[in-house]
Amino acid sequence: MRNILITGCSSGIGLETAKMLKSEGIKVYASARKEEDVKTLESLGFRTFLLNVTNKEQISYALKTIYEEDGKIDAVFNNAGFGQPGAVEDITVEVLREQFETNVFGMHEVTCQVLPYMRKQGYGKIIQHSSVLGIISLKFRGAYNASKYAIEGLADTLRLELDKTKIFISTINTGPVT
């Protein structure tokens, strides 16, 4: 059975993706940063982790546990993220830092921690959730736009660096969703 770790499953795209993949027979490890969301995921029948992507130890624990349980990690969907609205001139460094901590640095930490497992097993798929706002910008979304542009740059570079391996990097550029 194939498996996947999905970050940011408390709602929206993460939760709906987890449900869809589970219905297709994929073993989904669904994670969220809040305990009440993890309990909801458990009630839906998922194998779960309390995982805030800004917490290195929680990432390590989840990946190690998956690898020990299944002997492999087929895929990771780096979905965790959020948006901070506001005009660029009003965005403080603290607000920008918070945006990047989750959307970029957290995603990067998960990616860097899963790569040794995938190298050891000889394959894997890493899906980076960016946005159409990683390709074009909208006014009053400066912090979010910048974080998504950063994801694009990291993913494009990593794709080149893994070119001769069977580890594949995909970027999803969603637009507005309900």
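Look up: the structure comes first, before these words.
This part is about the sheet that holds strand S6 (residues 167–172). In space, the six strands of this open sheet follow the order S3-S2-S1-S4-S5-S6, with parallel pairing throughout. Edge positions in the sheet fall to strand S3 (47–50) and S6, since each has one partner strand and no second. Averaged over all pairs of adjacent strands, the angle between their axes in this sheet comes to 15 degrees, without regard to strand direction. Where strand S1 (residues 3–6) lies against strand S2 (residues 27–32), four bridges are found, and the strand directions are parallel. Looking at the pairing, Ile 4 lines up with Val 28 of S2. The sheet strands contacting helix H2 (residues 35–43) are S2 and S3, and the helix crosses S3 at an angle near 175 degrees. With respect to the sheet, helix H3 (residues 56–70) is in contact with S1, S2 and S3, its orientation differing from that of S3 by roughly 155 degrees.

Contact pair H3 / helix H4 (residues 93–121): the axes reach a minimum separation of 9 Å and the direction vectors enclose 25 degrees. Between H3 and H4, the angle falls in the class roughly parallel. Where H3 crosses over H4, the handedness of that crossing is right-handed. Counted together, Lys 56, Ile 59, Ser 60, Leu 63, Lys 64 and Tyr 67 of H3 and Glu 109, Val 110, Gln 113, Val 114, Tyr 117, Lys 120 and Gln 121 of H4 form the full contact between these two elements. Partitioned by chemical class, the residues of the contact of H3 with H4 number six nonpolar, three polar and four charged.

Cut-offs and rules
- Residues numbered from 1 in each chain as written.
- Predicted model: local features only at pLDDT ≥ 70, side-chain atom pairs only at ≥ 80, totals over all residues.
- Heavy atoms only, no water.
- Pairing = 2+ DSSP bridges.
- Helix = DSSP H or I, 4+ residues; strand = E, 2+ residues; numbered from the N terminus.
- Axes fitted to C-alpha atoms, helices over the stretch in contact; angles between N-to-C directions.
- Contact = heavy atoms within 4.5 Å.
- Parallel < 35°, antiparallel > 145°, perpendicular 65-115°, else oblique.
- Left-handed = near helix turned anticlockwise from the far one by under 90°.
- Nonpolar A, V, L, I, M, F, W, Y, C, P; charged D, E, K, R; others polar.

Function cannot be read off these values alone, since they describe shape.
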